[in-house]
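In case you want the letters, here they are:
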Amino acid sequence: MPFADGADISAAIPLSDLQGRNHIIKPDATARNLTGAINALIEKAGLRIVAQKRIRMTREQAETFYAVHKERSFFRELVEFMISGPVVVQVLEGENAVLKHREVMGATDPSKAADGTIRKLHAKSIGENSVHGSDAAETAAIEIAQFFSGNEIVG
């Protein structure tokens with residue numbers, strides 16, 4: 001699996017460590033200056049932010065990133081939302097990273113998210129739910145490689 005710069009992602013982070021570790025702070029949260037508050041929750045959960053950058057996703061990047069949803073009714077709206085403002089892309093690591101990451105994010109629907117989670121505290125709606133997290137190790141590897149070069153992950 002190559003990084004954006006062509007380097008092998010497995011040389012930087014073993015695939016088994018990537019599960020659930022790509023994280024994006026979405027436009028609804030960056031517009032409200034919540035990056036620091038969300039980062040604090042991630043770190044409080046025992047996860048380390050080993051790469052982070054603020055970008056403006058292009059339409060092509062958003063369509064590639066969410067290609068798995070291309071046939072879903074919400075695809076166009078999701079792409080428009082993700083290009084509507086800056087996002088913060090991150091790589092997280094830590095012991096039991098998959099479980100910790102899913103727990104700290106909370107349910108996609110903020111009304112069903114547990115108290116103290118990112119989405120319960122900061123999401124505006126199911127569509128504007130403040131954060132994205134990878135759902136599997138393979139997905140994380142692809143997502144991380146889309147946004148980071150090998151030398152940008154500095155655990």
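This is a predicted model, so every value here is computed, not measured. (Residues numbered from 1 in each chain as written. Predicted model: local features only at pLDDT ≥ 70, side-chain atom pairs only at ≥ 80, totals over all residues. Heavy atoms only, no water.)

A. Structural context of the pairing of strand 1 (residues 22–25). Of the two faces of strand 1, the one lined by Asn 22 and Ile 24 and the one lined by His 23 and Ile 25 are each fully buried. Both strand 1 and strand 4 (residues 131–133) contribute to a ladder of 3 bridges, which runs antiparallel. In the sheet register, Ile 24 faces strand 4, and the bridge partner there is His 132. (Buried < 20%, exposed > 50% of the residue type's maximum accessible area, 1.4 Å probe, protein only. Helix = DSSP H or I, 4+ residues; strand = E, 2+ residues; numbered from the N terminus. Pairing = 2+ DSSP bridges.)

B. Summary view of the side chain of His 23. With respect to the helices and strands, the residue His 23 is situated in strand 1. A distance of 2.8 Å separates polar atoms of two side chains, one belonging to His 23 and the other to His 101. If sequence neighbours within four positions are ignored, His 23 has contacts with Ile 38, Ile 42, Val 88, Val 89, Gln 90, Leu 92, His 101, Met 105, Ile 118, Val 131 and His 132. (Polar contact = N/O pair within 3.5 Å; in protein donor to acceptor, adjacent residues only side chain to side chain. Contact = heavy atoms within 4.5 Å.)

C. Spotlight on the pattern of salt bridges. One pass over the structure, following the stated rule, counts 6 salt bridges. Measuring nitrogen to oxygen at the nearest pair gives 2.6 Å for the salt bridge that ties Glu 93 to Arg 48. Of this pair, Glu 93 sits in strand 3 (residues 87–93) while Arg 48 sits in strand 2 (residues 48–55), and the two are 45 residues apart along the sequence. On the basis of relative accessibility, which here comes to 22%, the residue Glu 93 falls in the partly exposed class. Owing to a relative accessible area of 42%, Arg 48 belongs among the partly exposed residues under this scheme. Arg 76 serves as the salt-bridge partner of Glu 63, at 2.8 Å between the closest nitrogen and oxygen. You can see Glu 63 sitting in helix 4 (residues 59–65) and its partner Arg 76 sitting in helix 5 (residues 75–82), a full 13 residues away along the chain. (Salt bridge = Lys/Arg side-chain N within 4 Å of Asp/Glu carboxyl O.)

D. Just the packing of aromatic side chains, in detail. A complete count under the given rule lists 2 aromatic pairs for this structure. Seen in terms of ring centroids, Phe 65 and Phe 147 are 5.6 Å apart; in terms of plane orientation they differ by 50°. Their pairing is tilted. You can see Phe 65 sitting in helix 4 and its partner Phe 147 sitting in helix 8 (residues 137–147), a full 82 residues away along the chain. Per residue, the accessibility class of Phe 65 equals that of Phe 147, and both read buried. One aromatic cluster is present, built from ring pairs that chain together Phe 65, Tyr 66 and Phe 147. (Phe/Tyr/Trp six-rings, centres within 6.5 Å; stacked < 30°, edge-to-face > 60°.)

E. Quick look at the nonpolar core. If you look at the biggest cluster of nonpolar residues, it comprises 21 residues, and the most contacted ones within it are Ile 24, Met 57, Met 82, Phe 147 and Phe 148. Elements represented by at least two residues in this core include exactly strand 2, helix 4, helix 5, strand 3 and helix 8. Ranked by residues supplied to this core, first place goes to helix 5 with 5 residues. Once you skip the residues sitting within four places of it in the chain, Met 57 turns out to touch Ile 24, Ala 62, Met 82, Ile 83, Val 87 and Phe 147. By size, the runner-up hydrophobic cluster in this structure holds 14 residues, among which are Ala 29, Leu 34, Met 105 and Ile 118. (Core = buried A, V, L, I, M, F, W, Y, C linked by side-chain atoms within 4.5 Å.)

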